[in-house]
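Below are the chains, spelled out letter by letter.
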Amino acid sequence: MEQTLAATPYPPSTVHALIEIDRMPGITAAELADELLLDRSTVSRLLRRLVDADEIREDPGETDRRHKTLSLTGKGRQTVRAIHRHGTAQVEKAFAHLAESEQEAVRRGLRTYAEALVHSRLGRPLPGSRAAIEVDTELRPGDVGQIAALHAREYAVIAGFGVAFEAVVAGDLAEFVRREDPAGRIWIARDEGGTVVGSIAVDLSHGPREAHLRWFLVGREARGTGLGRRLLNDAVSYCDAGGAEATTLWTFQGLDTARAMYEKQGFALVSEQSGDRWGSTVVEQLFRRPARAGLSST
């Protein structure tokens, strides 16, 4: 790492301190030490250098004059503005080389990482983490709409699908749910707030010997938790226990992570065709798994 940061003469810890003081004017040295995860003696030396450089000022506290509050001077505000301009310029320069979908992927990753840091510091599971997700097989009011919305949001980014795709998902799912004698089962994954973050279903409408996997999706906030493998394992185990002679699923070319999971469970690609029934032209793929092809243990 470079010794200085953001086109300033200061090291990263000092730049971070300036940003935090700008964000929380009136913060005390002790509070700043907690924010920076630094010991108080280190922060004390850091603050003394910033006072000497006329970047910050220390004022006696209103309730306890021994505890001084920190704020930026005019020079300090200029320094922080320059820091933000430098950071913005760097991001814009890098994003200029990325497509919009790639830019959104970076934004999502940064948001998720920031949330993970906060929850790690507070000792709480991150929404979407394994500890915070429950899987249920009973639909609750609102689940159908949430599953359709989850598919619409994810596939708009992944494949450019639009409202037509959401309508297809919502219509097919509504038909599945309305059956008086439901043929199959659905699994719904929810985070600790009750938001649907994943789903999968086994459709047996063509008979118990012919199982069809549908609506398999894990939202980006729950990826990397093992939820996808868990849902797929549960669905395949259900098909085997019910005596299905074969299990099939439709997907489309390019979903390599999902394909790897399918193949690990014994699915094999049996046909491909170009289609646009989901709102944009893709190469649709049919995967088939023979009865009891052998469950993955991972």
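Look a little higher up for the structure.
What counts, and at which threshold
- Residues numbered from 1 in each chain as written.
- Predicted model: local features only at pLDDT ≥ 70, side-chain atom pairs only at ≥ 80, totals over all residues.
- Heavy atoms only, no water.
- Salt bridge = Lys/Arg side-chain N within 4 Å of Asp/Glu carboxyl O.
- Helix = DSSP H or I, 4+ residues; strand = E, 2+ residues; numbered from the N terminus.
- Buried < 20%, exposed > 50% of the residue type's maximum accessible area, 1.4 Å probe, protein only.
- 1 Å grid on protein atoms, 1.4 Å probe; cavity = no way out; pocket = protein on both sides within 12 Å on 5 of 7 lines; lining within 4 Å.
- Points joined across faces, edges and corners; volume = space filled by probe spheres on them.
- Nonpolar A, V, L, I, M, F, W, Y, C, P; charged D, E, K, R; others polar.
- Contact = heavy atoms within 4.5 Å.
- Pairing = 2+ DSSP bridges.
- Phe/Tyr/Trp six-rings, centres within 6.5 Å; stacked < 30°, edge-to-face > 60°.

Q: Explain the pattern of salt bridges to me, and be specific about the residues and the numbers.
A: Taken as a whole and judged by the stated rule, the model has 16 salt bridges. A salt bridge links glutamate 58 to arginine 48; its shortest N-O distance comes to 3.3 Å. Of this pair, glutamate 58 sits in strand β2 (residues 56-59) while arginine 48 is found in helix α3 (residues 40-52), placing the two residues 10 residues apart along the sequence. Here glutamate 58 falls in the partly exposed class, since its relative accessible area comes to 28%. Judged by its relative accessible area of 41%, arginine 48 falls in the partly exposed class. Taking the shortest distance from any N to any O, the salt bridge between aspartate 203 and arginine 179 comes out at 3.0 Å. Of this pair, aspartate 203 sits in strand β6 (residues 196-203) while arginine 179 sits in the loop between α7 (163-178) and β5 (184-190), and the two are 24 residues apart along the sequence. Of the residues examined, aspartate 203 reaches a relative accessible area of 5% and is grouped as buried.

Q: Which residues make up the layout of surface pockets, and what values do they have?
A: One number sums up the size of the largest pocket: a volume of about 960 Å³. Of all elements in the fold, only α6 (143-159), α7, β7 (210-218), α8 (227-241), β8 (246-252) and α9 (256-264) reach the threshold of two or more residues within the lining of the largest pocket. Counting residues per element, the lining of the largest pocket draws most heavily on β7, at 7 residues. Considering only residue class, the lining of the largest pocket consists of 22 nonpolar, 8 polar and 9 charged.

Q: Tell me what's going on with the environment of valine 144, and back it up with residues and numbers.
A: Mapped onto the fold, valine 144 is located in helix α6. When the C-alpha atoms of valine 144 and isoleucine 188 are compared, they prove to be 9.8 Å apart, with 44 residues separating the residues in sequence. Ignoring any residue separated from it by four or fewer positions in sequence, one finds valine 144 in contact with Leu139, Leu173 and Val177.

Q: Break down the pairing of strand β9 (residues 268-275) for me, citing the residues and quoting the values.
A: As paired elements, β9 and strand β10 (residues 282-290) share 7 bridges and run antiparallel to each other. Directly across from alanine 268, in β10, lies its bridge partner arginine 288. Where β9 folds back onto β10 in an antiparallel hairpin, the turn is made up of 6 residues, including glycine 279, whose phi is positive at roughly 110 degrees.

Q: How would you summarise the packing of aromatic side chains if you had to cite specific residues and measurements?
A: For the structure on display, the rule yields 10 aromatic pairs. Arranged with centres 5.6 Å apart and planes meeting at 80 degrees, the rings of tryptophan 187 and tyrosine 238 form a pair that is edge-to-face. Taken together, the positions of tryptophan 187 in strand β5 and tyrosine 238 in helix α8 put the pair 51 residues apart, joining distant regions of the chain. Taking relative accessible area as the criterion, tryptophan 187 reaches 5% and is therefore assigned buried. The class for tyrosine 238 is partly exposed, based on a relative accessible area of 25%.

The quantities given are spatial measurements derived from coordinates; they are silent on function.
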